[in-house]
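# Residue-level structural notes
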Amino acid sequence: MRRALCAAADAAANGEVPVGAVVLDPSGALIATGGNARELTNDVAAHAEIVAMRRAAERLGQGWRLPGCTLVVTLEPCVMCAGAIVAARLERVVFGAFDPKAGAVTSLWDLLRDPRLLHRPIVVSGVMADAAAAQLRDFFAERRE
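Presented here is an overview of the structure given in this document.

Now for the packing of aromatic side chains. Across all of its chains, the model carries two aromatic pairs by this definition. Ring centres 5.2 Å apart and planes at 85 degrees place the aromatic pair Phe-95 and Phe-98 in the edge-to-face group. On the accessibility criterion, Phe-95 (0% relative accessible area) is buried. Phe-98 gets classed as partly exposed once you look at its relative accessible area, which sits at 39%.

Right, here's the structure in full:
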């Protein structure tokens, strides 16, 4: 999660909402990092999770699937990212702060654990949630001043 928090800080330094993500291989080794890049790229889908998953898939060179891999992200994934997580066949998702406005893993929906899906990753929530929430709170507080 510390590496994801660093990616979130890098995103914030570029004017992006501070959300960061990392993808780990089955042994726990870092494969890829990503931070929000929607403003930088003018890409609505450039959420930290998507950026990190794209980089991981490219680095692994096995197509778009990421079986056995873990995604660690500072903020609870949204509906779009939850769909991408399922499609990529990630083994596990670890997230920090809960997102009561758009969270699709626990807060508003529980998409990743829906029994109707063919693939359901393991979900670990609330890891370093205070630090992740503080990054977001501080970022938006600065913009409101």
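The strands making up a sheet are joined through hydrogen bonds of the backbone, oriented either antiparallel or parallel. The strand order β2-β1-β3-β4-β5 describes an open sheet built from five strands, whose pairing is mixed. Of all the strands in the sheet, just β2 (30-35) and β5 (122-124) have a single pairing partner and so form its edges. On average, adjacent strands in this sheet sit at an angle of 15 degrees to one another, irrespective of strand direction. Here four bridges tie strand β1 (residues 20-24) to strand β3 (residues 70-75), and the two strands are oriented antiparallel to one another. Each bridged residue has a counterpart across the sheet, and for Val-22 the counterpart in β3 is Val-72. The strands touched by helix α1 (residues 2-13) within the sheet are β1, β2 and β3, with β1 carrying the most contacts at an inclination of about 140 degrees.

Let us look at the packing of helix α3 (residues 48-60) against helix α4 (residues 79-88). Orientation of α3 relative to α4, taken along the N-to-C sense of each, is 25 degrees, at an axis distance of 9 Å. Classified by the angle their axes make, α3 and α4 are roughly parallel. Judged by the sense of rotation from one axis to the other, the crossing of α3 with α4 is left-handed. On α4, the residues that touch Glu-49, Ile-50 and Met-53 of α3 are Met-80, Cys-81, Ala-84, Ile-85 and Ala-88. Here the contact of α3 with α4 is composed, by residue class, of seven nonpolar, no polar and one charged.

Conventions we followed
Residues numbered from 1 in each chain as written. Predicted model: local features only at pLDDT ≥ 70, side-chain atom pairs only at ≥ 80, totals over all residues. Heavy atoms only, no water. Phe/Tyr/Trp six-rings, centres within 6.5 Å; stacked < 30°, edge-to-face > 60°. Buried < 20%, exposed > 50% of the residue type's maximum accessible area, 1.4 Å probe, protein only. Pairing = 2+ DSSP bridges. Helix = DSSP H or I, 4+ residues; strand = E, 2+ residues; numbered from the N terminus. Axes fitted to C-alpha atoms, helices over the stretch in contact; angles between N-to-C directions. Contact = heavy atoms within 4.5 Å. Parallel < 35°, antiparallel > 145°, perpendicular 65-115°, else oblique. Left-handed = near helix turned anticlockwise from the far one by under 90°. Nonpolar A, V, L, I, M, F, W, Y, C, P; charged D, E, K, R; others polar.

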